[in-house]
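Secondary and tertiary structure notes
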Amino acid sequence: MNEEKIEKLSQVNKRAELGGGEERIKAQHSKGKLTARERITLLLDPGTFLELDKLVSTRSYDFDLNKKKIHGDGVVTGYGSINEKQIFLYAQDFTVLGGSLGEMSAKKITKVMDHAFKSGCPIIGIIDSGGARIQEGVMGLSGYGEIFYRNTMASGVIPQITISLGPCAGGAVYSPAITDFVIMVDKISHMFVTGPEVVKTALGEDVGFEELGGATTHGKYSGVAHFLAKDEYECMDITKKLLSYLPQNNVEDPPIALTSDDPNRIDSKLATIVPENPYEQYDIKQIITSILDNNEFFEVHKLWAMSVIVGFGRLNGRTVGIVANQPLHLAGSLDIDSSNKAARFIRTCDCFNIPIVSIIDTPGYLPGLEQEQHGIIRHGSKLLFAYCEATVPKLAVIVGKAYGGAYIAMSSKHLRSDINYAWPTAEIAVLGPEAAINIIFRKELAEAKDVEAFRKKTVKEYRDKFANPYIAAEQGFIDLVIDPIETRPMLIKALGALANKRESRPPKKHGNINL
Ligand code: HXC
């Protein structure tokens, strides 16, 4: 072949790969950020990236956009593998018009999303963008619409992961919000509907980038971010680990990992974890890590809504989703945020054929004016809905309190949980002893000569009668009361028995979960 032509190809490619050029790459690095291509290299198995649409450029003429070549139109797209699994991805290139979304960058992104959808592979979006490209008007907006539509169609079909690595403004936040997981990096990622300048103009509020949309804001307060990383390197490691728990799509099972951890391993420590005194706090994570393979728990939403803990782990090599009440926070009660957090996680597991293991110790839904005014009824109902709707194997272990609505909500048999165990420390009742006594003995308490003695006696009676798992076990609502030390082998056996579980739901367009 003509050498000149090959040389030209090489030059065209080289120039395209420089995106916004040397100066802007330097500026990107000076902010402590990697470029789109460097990020892709870090994420994918070495040498596996194949770029698509490298030579695409903008075709807009407004605001002199045609005066210089817009290399790649602000996004790098393509495919490759992560831990030998095929994925598709796009990475916005902030060095080109601030990674803003115009007509052609939207076409590039939607093309790669379509490939991922048709091939049944995960799609990863690395976002670093000023949102819709202002100069292109409705073309940028329509591009976002096309992306949102595809995100929604792909939801529950292929895993969609967002890595937020820079400003994610305007439309650049809503696509991530539809995806399954959002990962943010401290001081690098900022997600907001509009930036501080617009907030100042519109509302007169003075607020900085970090407070408005930093990793802490979304990892701790809003729940937008599922994972927080200290830098871009850790963020890629989190993405790889996350993918290792997930199947390629909704018709495959998650990969089974080889494990050297004995499926019959018992742990004598579990016998003493739940304190005798029901008011004493303890960390439910001790139970979670004890039962999982190699004590490894990959927590999702670590800092948000901490009265519930959710995350992935493995039991004898199989991925499971853990949902557990955390007595260390709000005594493990279910508030608005923790109901949302658990419900969303249950639905994520159900989409991707991941069995759910619930570990229960909760005094109930959190009562009070603040919770009622903000809709604990509406939000709390999502948890019930999510457990009822899920058809993956559902296992539960009640280790402590399971009172009232929270007994029902937390993977009870009545919501079609498959195998429910309880520890001898389980307390299954309509209300906690003190609240129950105040109601059923209101008159007697008012008339008692020694109120405290009467209360003590009745609380003890109530506790002896109801604060145990045996009445529920007699009804078959608990399949077995187990020795805590045997929890891991008992769960692994149940999981094995349910491995081919098939359960269907009535055909319908979709349920009407109370959003
Ligand atoms: C075109 C943009 C752009 C945009 C940034 N740039 N955002 N160009 N359209 N949306 C360009 C800048 O002009 C600049 O070009 C370069 O990118 C780098 O931007 P800087 O402002 O210099 O960088 P920085 O100081 O880091 O600030 C980044 C930023 C800021 C926070 C993202 O640029 C910003 O606030 N942009 C607008 C964000 C916004 O409000 N977007 C909403 C769009 S509406 P030069 O050549 O000067 O270096 C939207 C609607 C969708 O998205 C709705 C969906 C529901």
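I will try to describe carefully the structure that is included in this document. (Residues numbered from 1 in each chain as written. Predicted model: local features only at pLDDT ≥ 70, side-chain atom pairs only at ≥ 80, totals over all residues. Heavy atoms only, no water.)

**Thoughts on the layout of surface pockets**
Of the volumes computed, that of the largest pocket is approximately 1400 Å³. In terms of lining, the largest pocket is formed by 38 residues, of which the most central are Ser155, Arg344, Arg347, Ile513 and Leu515. For the lining of the largest pocket, the secondary-structure elements that each account for two or more residues are α6 (171–178), α9 (215–222), α12 (336–351) and α14 (376–389). Broken down by element, the lining of the largest pocket gets its largest block of residues, nine residues, from α12. Each residue belonging to the lining of the largest pocket can be placed in one class, and the counts come to 13 nonpolar, 14 polar and 11 charged. In this structure, the second largest pocket encloses a volume near 760 Å³. (1 Å grid on protein atoms, 1.4 Å probe; cavity = no way out; pocket = protein on both sides within 12 Å on 5 of 7 lines; lining within 4 Å. Points joined across faces, edges and corners; volume = space filled by probe spheres on them. Helix = DSSP H or I, 4+ residues; strand = E, 2+ residues; numbered from the N terminus. Nonpolar A, V, L, I, M, F, W, Y, C, P; charged D, E, K, R; others polar.)

**Observations regarding the pairing of strand β3 (residues 85–92)**
Buried residues dominate β3, accounting for six of its eight residues. Where strand β2 (residues 75–82) and β3 come together, eight bridges link them in antiparallel fashion. In the sheet register, Thr77 faces β3, and the bridge partner there is Tyr90. Here β2 folds back onto β3 in antiparallel fashion, the turn holding two residues, of which Asn83 has a positive phi close to 45°. Read as a crossover between parallel neighbours, the route from β3 over helix α4 (residues 103–119) to strand β4 (residues 123–129) is right-handed. (Buried < 20%, exposed > 50% of the residue type's maximum accessible area, 1.4 Å probe, protein only. Pairing = 2+ DSSP bridges. Right-handed = clockwise from strand over helix to strand, strands pointing away.)

**Some thoughts on the nonpolar core**
Core analysis: the largest hydrophobic core is formed by 61 residues, its most contacted members being Ile124, Ile163, Phe312, Val323 and Ile398. Among the elements that line this core, the one with the most residues is helix α10 (residues 232–245), at six residues. When residues no more than four places from it in sequence are discounted, the contact partners of Ile163 are Leu43, Ile124, Gly125, Ile126, Ile127, Ile183, Cys235, Met236 and Thr239. If you look at the next biggest cluster of nonpolar residues, it comprises 29 residues, including Ile284, Val320, Ile482 and Leu491. (Core = buried A, V, L, I, M, F, W, Y, C linked by side-chain atoms within 4.5 Å. Contact = heavy atoms within 4.5 Å.)

**Section: the state of the cysteines**
For the structure shown, the criterion picks out zero disulfides. Cys349 provides the cysteine sulfur closest to Cys351, a residue in no disulfide bond, and the two sulfurs are 9.0 Å apart. (Disulfide = S-S within 2.5 Å.)

**Considerations on the packing of α12 against α14**
Interhelical geometry of α12 versus α14 gives an angle of 20° and a closest axis separation of 8 Å. With respect to each other, α12 and α14 are oriented roughly parallel. Between α12 and α14 lies a crossing whose hand is left-handed. Every residue of α14 that contacts α12 at Ile336, Ser339, Asn340, Ala342, Ala343, Ile346, Arg347 and Asp350 is listed here: Ile376, His379, Gly380, Lys382, Leu383, Ala386, Tyr387 and Glu389. Classifying every residue of the contact of α12 with α14 by side-chain character gives eight nonpolar, four polar and four charged. (Axes fitted to C-alpha atoms, helices over the stretch in contact; angles between N-to-C directions. Parallel < 35°, antiparallel > 145°, perpendicular 65-115°, else oblique. Left-handed = near helix turned anticlockwise from the far one by under 90°.)

**A short note on the site of the ligand**
Inspection of the region around the ligand gives 20 residues, with Arg24, Gly130, Ala132, Ile134 and Gly171 positioned closest. At a separation of 2.9 Å, an oxygen atom of the ligand approaches a polar backbone atom of Ala132. At a separation of 3.1 Å, a nitrogen atom of the ligand approaches a polar backbone atom of Ile134. Burial of the ligand by the protein chains amounts to 60% of its free accessible area of 1000 Å². Of the residues in the shell around the ligand, the class split is 10 nonpolar, seven polar and three charged. (Near = heavy atom within 4 Å. Polar contact = N/O pair within 3.5 Å; in protein donor to acceptor, adjacent residues only side chain to side chain. Areas by Shrake-Rupley, 256 points an atom, 1.4 Å probe, with all protein chains shown as cover.)

**Quick word on unusual backbone geometry**
Negative phi values dominate among residues other than glycine, just as trans dominates among peptide bonds. With phi around 70°, Lys187 is a residue other than glycine that occupies positive phi space. Examined against the element boundaries, Lys187 turns out to sit in the loop between β6 (181–185) and β7 (190–192). One non-glycine residue, Ser411, lies in positive phi territory at about 55°. Relative to the helices and strands, Ser411 resides in the loop between α15 (404–409) and β14 (419–422). Since its relative accessible area comes to 1%, Ser411 is described here as buried.

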